[in-house]
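Each chain, letter by letter, is given below.
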Amino acid sequence: MRYYISDLHFFHEALLTKMDCRGFEDVDQMHQYMIEQWNKKVGPQDEVVILGDISMERGKKTSDLLEQLHGRLYLILGNHDKFVEGRRFDASRFEWIQPYAELNDNGRKVILSHYPIMFYNGQYRLDKEGKPATYMLYGHVHNSRDEILINSFIRQTSQTAFQGFQGEERRIPCQMINCFCMFSDYQPLTLDEWILVDRERRRKLDL
């Protein structure tokens with residue numbers, strides 16, 4: 001099974017009371033809950049793609065924490081992932097570390113970036129049933145004003161019509177999903193699970 005998640009921000013004490021307002025008493029309590037939630041979902045052989053900003057600590061502390069998480073890990077680099085440059089960071093915990101990637105997930109293309117990409121590769125592609133064939137998974141913006149702006153962009157783009165190759169009227173597909181960890185109660189989710197979570201969350205935003 002392959003899962004995705006973003007912006008865990010281990011060791012980031014400021015997020016307990018600012019921006020995210022995660023509500024834990026301290027980072028130790030946050031870590032305990034996040035690790036428990038992760039390991040309830042992920043098995044030792046499952047794959048987890050982390051879309052950036054894992055940790056605010058240095059290499060050794062981050063490596064020690066990652067050893068507590070189940071699964072085979074893959075990292076899309078975020079702006080806070082400075083620990084990878086540390087000499088005591090154990091990069092072998094990851095199958096790969098990249099700034100950007102494109103993967104296949106059950107016949108669908110998945111675009112992976114820490115930063116949201118408004119016009120992503122394969123955006124217009126549909127499968128044989130006319131369903132979106134490409135999804136853009138991102139992080140970085142958490143649940144901030146920027147995410148509200150992205151939602152407005154998605155809504156406007158999805159309502160924009162154009163003429164297809166056969167002369168038919170189509171609307172622009174815009175399948176951008178914010179995999180922010182708080183949206184999934186700190187559990188990595190499959191692509192199909194994220195599609196459902198994202199659809200319901202954006203529906204509420206548009207009410």
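See the structure printed just above.
All values reported here derive from a predicted model rather than from experimental measurement.

Rules used in this analysis
- Residues numbered from 1 in each chain as written.
- Predicted model: local features only at pLDDT ≥ 70, side-chain atom pairs only at ≥ 80, totals over all residues.
- Heavy atoms only, no water.
- Pairing = 2+ DSSP bridges.
- Helix = DSSP H or I, 4+ residues; strand = E, 2+ residues; numbered from the N terminus.
- Axes fitted to C-alpha atoms, helices over the stretch in contact; angles between N-to-C directions.
- Salt bridge = Lys/Arg side-chain N within 4 Å of Asp/Glu carboxyl O.
- Buried < 20%, exposed > 50% of the residue type's maximum accessible area, 1.4 Å probe, protein only.
- Core = buried A, V, L, I, M, F, W, Y, C linked by side-chain atoms within 4.5 Å.
- Contact = heavy atoms within 4.5 Å.
- Right-handed = clockwise from strand over helix to strand, strands pointing away.

(A) The arrangement of the sheet that holds strand β1 (residues 2-5) in detail. If you trace the four strands from one edge of the open sheet to the other, you get β1-β2-β3-β4, paired in parallel fashion. The open sheet has two edge strands with one neighbour each: β1 and β4 (94-98). The average undirected angle you get between the axes of adjacent strands in this sheet is 15 degrees. Across four bridges, strand β3 (residues 72-76) lies against β4 in parallel orientation. Among the inter-strand pairings, Y74 is bridged to a residue of β4, identified as W96.

(B) Highlighting the pattern of salt bridges. For the coordinates displayed, the defined rule picks out 18 salt bridges. Between D64 and K60 there is a salt bridge whose closest N-O contact spans 2.7 Å. Highlighted residues: D64 and K60, both in helix α2 (residues 59-66), separated by four residues, approximately one helical turn. On the basis of relative accessibility, which here comes to 39%, the residue D64 falls in the partly exposed class.

(C) Representation of the nonpolar core. Residues Y4, W38, I50, L112 and L137 are the most contacted members of the largest nonpolar core, which totals 43 residues. Mapped onto this core, the elements with two or more residues apiece are β1, α1 (27-41), β2 (47-50), α2, β3, β6 (108-113), β7 (134-138) and α4 (191-205). Per-element tally for this core: the top contributor is α1, with five residues. Setting aside its immediate chain neighbours within four residues, W38 contacts I5, L8, V48, I50, L69, H70, L73, Y186 and P188. Formed by 10 residues, the second largest nonpolar core is a distinct cluster that contains I111, M136, Y138 and I150.

(D) Fine view of the pairing of β1. The sheet contact formed by β1 and β2 spans four bridges and is parallel. Looking across to β2, one finds that R2 is bridged to E47. Read from β1 through α1 to β2, the crossover connection turns out right-handed.

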